[in-house]
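Residue-level structural notes
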Amino acid sequence: MNKVKERCSKCELKFSIEPSFYTGAMYVSYAVGIAFAVATYVILLFLGVADNPLTIFIAIVAILALTFPYIGAVSKAIWAHLFFKYDPIIAKQVKNDTRA
């Protein structure tokens, strides 16, 4: 779960710049997790069930547990986008490539 391919199958871009490159994605996943928790709380407020702190806590923990794989994947994608530059020339070459 949550593994990243070593290289792109089309353009051979190496997805990991250094051995522990995706360790920084922990910070992004924290922020994404906070966003999910706040969204859960706001939804509970709109539904009118945010009157008990235990209910809020259980709902937030349940949502974070269910979305954990998604949060990890999104965090790694966000982290990678901070470091990899989009090159339109390479993108055009890859688009015209007939490899699978």
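First, a word on what this report is: a plain description of the structure on this page. Just so we're clear, the structure is a prediction, and the values are computed from it rather than from any experiment. (Residues numbered from 1 in each chain as written. Predicted model: local features only at pLDDT ≥ 70, side-chain atom pairs only at ≥ 80, totals over all residues. Heavy atoms only, no water.)

Scanning the protein chain for helices and strands turns up three helices and zero strands. Going residue by residue from the N terminus, the α and β elements of the protein chain occur as α-α-α. The burial tally for the protein chain puts 21% of its 100 residues in the buried class. Here the contacts in the protein chain between residues at least 6 apart in sequence split such that 65% fall between residues at least 24 apart. Just so you have it, the protein chain exposes about 7700 Å², and 69% of that area is on carbon and sulfur atoms. (Helix = DSSP H or I, 4+ residues; strand = E, 2+ residues; numbered from the N terminus. Buried < 20%, exposed > 50% of the residue type's maximum accessible area, 1.4 Å probe, protein only. Contact = heavy atoms within 4.5 Å. Areas by Shrake-Rupley, 256 points an atom, 1.4 Å probe, with all protein chains shown as cover.)

Okay, the side chain of Thr-67 next. Relative to the helices and strands, Thr-67 resides in helix α2 (residues 53-81). A relative accessible area of 17% places Thr-67 in the buried class. A polar atom in the side chain of Thr-67 sits 2.7 Å from the backbone oxygen of Ile-63. (Polar contact = N/O pair within 3.5 Å; in protein donor to acceptor, adjacent residues only side chain to side chain.)

Moving on: a nonpolar patch on the surface. A cluster of nonpolar residues, Tyr-30, Ile-34, Val-38, Tyr-41, Val-42, Leu-45 and Phe-46, forms a patch on the protein surface that exposes about 740 Å² of accessible area. Turning to its location among the elements, Phe-46 is positioned in helix α1 (residues 25-47). (Patch = residues over 30% accessible without salt bridge, like charges linked within 9 Å, V, L, I, M, F, W, Y side chains within 5 Å. Salt bridge = Lys/Arg side-chain N within 4 Å of Asp/Glu carboxyl O.)

All quantities given are derived from atomic positions and should not be read as evidence of function.
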